[in-house]
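So the chains spell out like this:
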Amino acid sequence: MSTIENKSVEITKGINGLEKVILRETHGSSVEVYLYGAHVTSWKNEQGEELLFVSSKAIYKPPKPIRGGIPICFPQFSNLGPLETHGFARNRVWTIEPDPPAFPPNVNATNRVFIDLLLKPTEEDLKIWPHSFEYRLRVTLGPAGDLMLTSRIRNTDAKPFTFTFAYHTYFSVSDISEVRVEGLETLDYLDNLKNRERSTEQGDAITFESEVDKIYLSTPSKIAILDHEKKRTFVVRKDGLPDAVVWNPWDKKAKAIADLGDDEYKHMLCVEAAAIEKPITLKPGEEWKGRQELSAVPSSYCSGQLDPNKVLQSS
Ligand code: TA6
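Residues numbered from 1 in each chain as written. Predicted model: local features only at pLDDT ≥ 70, side-chain atom pairs only at ≥ 80, totals over all residues. Heavy atoms only, no water.

For the chain, the helix and strand inventory stands at three helices and 22 strands. Relative to its length of 315 residues, the chain is compact, with a C-alpha radius of gyration of 19 Å against a globular reference of 20 Å. Taken along the three principal axes of its C-alpha coordinates, the chain extends 50 × 45 × 40 Å. Residue pairs at least 24 apart in sequence account for 65% of intrachain contacts in the chain once pairs closer than 6 positions are excluded. Roughly 13,900 Å² of accessible area belongs to the chain as shown, and the carbon and sulfur atoms make up 49% of that amount. One finds the centroid of the 39 positive side-chain charges in the chain at a distance of 2 Å from the centroid of its 45 negative side-chain charges. (Helix = DSSP H or I, 4+ residues; strand = E, 2+ residues; numbered from the N terminus. Rg over C-alpha atoms; globule rule 2.2 N^0.38 Å. Contact = heavy atoms within 4.5 Å. Areas by Shrake-Rupley, 256 points an atom, 1.4 Å probe, with all protein chains shown as cover. Lys, Arg positive; Asp, Glu negative; His and termini not counted. Charge placed at Lys NZ, Arg CZ, Asp CG, Glu CD.)

Quick look at the site of the ligand now. By nearness alone, every residue bordering the ligand is listed as Arg67, Phe77, Thr85, His86, Arg90, His168, Asp213, Val245, Trp247 and Glu272. Arg67 is positioned such that a nitrogen or oxygen atom in its side chain is 3.0 Å from an oxygen atom of the ligand. Take Arg90: an N or O atom from its side chain is 2.9 Å from an oxygen atom of the ligand. Across the shell around the ligand, the residue classes break down as three nonpolar, three polar and four charged. (Near = heavy atom within 4 Å. Polar contact = N/O pair within 3.5 Å; in protein donor to acceptor, adjacent residues only side chain to side chain. Nonpolar A, V, L, I, M, F, W, Y, C, P; charged D, E, K, R; others polar.)

On to the nonpolar core, then. Ranked by size, the top nonpolar core spans 73 residues in total, and within it Phe74, Tyr135, Val139, Phe163, Phe165, Phe208 and Leu269 carry the most contacts. Per-element tally for this core: the top contributor is strand β21 (residues 268-282), with eight residues. Residues contacting Leu269, with those up to four places away along its chain left out, are Thr169, Tyr170, Phe171, Val173, Ile176, Val179, Val181, Phe208, Ile225, Val246, Trp247 and Asn248. Counting nine residues, the second largest nonpolar core, distinct from the first, contains Ala166, Leu190, Leu217 and Ile276. (Core = buried A, V, L, I, M, F, W, Y, C linked by side-chain atoms within 4.5 Å. Buried < 20%, exposed > 50% of the residue type's maximum accessible area, 1.4 Å probe, protein only.)

Turning our eyes to something else, we now look at the pattern of salt bridges. In this structure the tally under the stated criterion is 20 salt bridges. The closest approach of N and O atoms between Arg67 and Asp259, which form a salt bridge, is 3.0 Å. Of this pair, Arg67 sits in the loop between β5 (39-44) and β6 (72-73) while Asp259 sits in the loop between α2 (250-256) and β21, and the two are 192 residues apart along the sequence. The exposure classification of Arg67 matches that of Asp259, with both residues buried. With a closest N to O distance of 3.0 Å, Glu134 and Arg136 form a salt bridge. No difference in accessibility class separates Glu134 from Arg136, as the two residues are buried. Taken together, the shared-partner salt bridges in this structure form one network comprising Glu97, Lys120, Glu134 and Arg136. (Salt bridge = Lys/Arg side-chain N within 4 Å of Asp/Glu carboxyl O.)

With 90% of its residues at a pLDDT of 70 or more, the chain has an overall mean of 92. Low pLDDT (under 50) marks residues 1-5, which in the prediction has seven contacts with non-local residues, meaning those over four places away or in another chain. Here residues 301-311 is a poorly scored stretch, pLDDT under 50, and it has 14 contacts once near neighbours within four places are set aside; other chains count. (pLDDT = per-residue confidence, 0-100.)

For any pair of aromatic rings, geometry is given as the distance between the ring centres together with the angle between the planes. Applying the stated criterion to the full structure yields 21 aromatic pairs. An angle of 70 degrees between the planes, with centres 5.9 Å apart, marks the rings of Trp129 and Phe133 as edge-to-face. In this pair, the class of Trp129 matches that of Phe133, namely buried. Judged by centre distance (6.1 Å) and plane angle (85 degrees), the rings of Tyr170 and Trp247 are edge-to-face. (Phe/Tyr/Trp six-rings, centres within 6.5 Å; stacked < 30°, edge-to-face > 60°.)

When you tally the buried positions in strand β11 (residues 161-167), you get six out of seven residues, the bulk of the element. Two elements, β6 and β11, share two bridges in a ladder whose sense is antiparallel. Its bridge partner being in β11, Cys73 is matched across the sheet by Ala166. (Pairing = 2+ DSSP bridges.)

Right, let's talk about the sheet that holds strand β18 (residues 222-227) for a bit. Spatially, the nine strands line up as an open sheet ordered β7-β8-β9-β10-β22-β19-β18-β13-β16, and their pairing is antiparallel. Edge positions in the sheet fall to β7 (95-96) and β16 (206-207), since each of these pairs with one other strand and no more. Here strand β19 (residues 232-239) runs beside strand β22 (residues 287-298); their pairing, made up of eight bridges, is antiparallel. By the bridge assignment for β22, Val236 is matched with Leu294.

Counting through the fold element by element, Ile153 comes out in strand β10 (residues 147-155). On the accessibility criterion, Ile153 (0% relative accessible area) is buried. The sequence separation of Ile153 and Glu287 amounts to 134 residues, and the corresponding C-alpha distance is 5.4 Å. Beyond its immediate chain neighbours, meaning those up to four positions away, Ile153 contacts Phe74, Glu134, Tyr135, Phe161, Phe163, Phe165, Leu282, Glu286, Glu287 and Trp288.

So, about the side chain of Lys20. The residue Lys20 is located in strand β3 (residues 19-24) in this model. Polar contacts involving the side chain of Lys20 include one to the side chain of Glu32, which spans 2.7 Å. Among all residues touching Lys20, those that are not within four sequence positions of it are Glu10, Ile11, Thr12, Lys13, Gly14, Glu32, Val33 and Tyr34.

So, in structure tokens, the structure goes:
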């Protein structure tokens, strides 16, 4: 049964009866988040255009994580540890927390629509990852349609623990061959396609003509994704998340991924704010915070006319 709480936050049933929350902003933008995985599956602008990619073959059925949107990788990124790929947070059912511990004033600002979600390990989880924690996620839709994800992870155990993390964001792009990413040039990266060999990015902005799976290290707090055809620029701002993963599976790997359409790789690009190279360690009682803020702005990019510095320096 769907419950309308108020006009801007609706708790309802999504695909396969899984519970989801819809946030709506008065100018028309919206966000949808499933309690399964605390997984954002939709982010629409004021014109109702979808800004995130979700596979047409996505499976909304536990324990399979949803292909697309924003999976949360915690407490392990990829296979960098003993757990299943990308950890278990993305395939657990989170709860809504009506009254979480206070956020700093700038996060709690008025005229924002948000929902607070909570994940605590079950007895079963503690068998595979023996650390008690409280993971609070606030999903916020700003007045200009910006989407903010704020994670607060607290060690509620009697001993320290260490984790890696990523917001595995799938952006919707018109054509991957027409996309460029600015803000990562000249940085060091670990190449997942070469046993995580360390290299340095050369030259100009990053463009795509084959499979890419790289972990860029010590990245700036702002990264821009320019979609030439759509004349749209996504800006990723991040805090507490030094690394940035860039992934596109390209044609061969896309065919090998059962829940991704063969040609869908053309319309997606993952740029993931992450903490991977230097795992986070929390002592008992300590809390870590990692924030990602996404905005989509019209870009006047036209074969080299755009000055990347302007995109990256504008607030
Ligand atoms: O973030 C990039 C990556 O780790 C790739 O190596 C690729 O496997 C991708 O994530 C998707 O992982 P998934 O477990 O969701 O199929």
